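# Structural overview for review
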Amino acid sequence: MAGAFEADLIAPCGMNCGVCKAYLAYSRGAPYVKGKVTHCTGCLVRNKNCAFIRRDCERMRRGSVRFCHECADMPCKQLAKLDEHYRARYGMSMIENLKMMRERGIDEFLASQAKRYRCPGCGDVISVHDGKCYACGYQADKPRGAIPKRRWVPNQKRGDTP
Ligand code: SF4
Ligand code: SF4
Ligand SMILES: [Zn+2]
């Protein structure tokens, strides 16, 4: 269903691969363009964890945790670093995602993601990375000065919600 996410799209680090631009380009049929548009089928499917956490985490390599929120050390240094990067550039926090999943359950988390990244143009999904909808071409605004690291910003009037 357009705009909905499956639990299998949620990576152990709390990233929703369903809002990743590489996954959206792949799943919505946007052609691969060297250096610009990459394709990915999702973290669990690839069994890789693109976010580099897996390389340094024994628990993830062994598969002893499905999500970092099951880990007594959350947030470890690697996860905290990734979280900081994502908060600054994309206005998203893996740690907040994980906490929400732990406290309110994955179904509620998936529903909130569907609402948060709903494309105001066609009802599909905008990417957390560039504010673009790979189904209809909608593009959220680029930031103007005030938050230099952000790649895109929500436009409340048009209905962007993140
Ligand atoms: S590139 Fe990373 S975040 Fe994007 S879909 Fe692949 S594993 Fe998920
Ligand atoms: S929070 Fe725990 S499971 Fe997640 S990457 Fe860090 S050490 Fe590994
Ligand atoms: Zn759209």
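Everything numeric in this text was worked out from a predicted model, so none of it was measured. (Residues numbered from 1 in each chain as written. Chains lettered and ligands numbered in written order. Predicted model: local features only at pLDDT ≥ 70, side-chain atom pairs only at ≥ 80, totals over all residues. Heavy atoms only, no water.)

### Some points on the environment of R116
Considering the arrangement of structural elements, one finds R116 in helix α7 (residues 106-116). When the C-alpha positions of R116 and V128 are compared, they lie 9.8 Å apart, and in sequence the two are 12 residues distant. In this structure the side chain of R116 is engaged in a polar contact, spanning 2.8 Å, whose partner is the backbone oxygen of G91. (Helix = DSSP H or I, 4+ residues; strand = E, 2+ residues; numbered from the N terminus. Polar contact = N/O pair within 3.5 Å; in protein donor to acceptor, adjacent residues only side chain to side chain.)

### Notes on the pattern of salt bridges
Scanning the model with the defined rule gives seven salt bridges in all. A salt bridge links D73 to R59; the nearest nitrogen and oxygen atoms lie 2.9 Å apart. With D73 in the loop between α4 (58-62) and α5 (77-90) and R59 in helix α4, this pair connects stretches of sequence that are 14 residues apart. Close ionic contact of E108 with R104 constitutes a salt bridge, the shortest N to O distance being 2.7 Å. Because the salt bridges share partners, they merge into one network encompassing E58, R61 and R62. (Salt bridge = Lys/Arg side-chain N within 4 Å of Asp/Glu carboxyl O.)

### A word on the site of ligand 2
Lining the immediate environment of ligand 2, one finds I53, C57, M60, V65, C68, C71, M74 and C76. Of the residues assigned to the shell around ligand 2, the class counts are eight nonpolar, no polar and no charged. (Near = heavy atom within 4 Å. Nonpolar A, V, L, I, M, F, W, Y, C, P; charged D, E, K, R; others polar.)

### What about the nonpolar core?
Among the nonpolar cores identified, the biggest contains 46 residues, and C13, M15, L79 and M94 are the most heavily contacted of them. Of all the secondary structure elements, the ones that give two or more residues to this core are α1 (21-27), α5, α6 (94-104) and α7. Take this core: its biggest share by element is five residues, from α6. (Core = buried A, V, L, I, M, F, W, Y, C linked by side-chain atoms within 4.5 Å. Buried < 20%, exposed > 50% of the residue type's maximum accessible area, 1.4 Å probe, protein only.)

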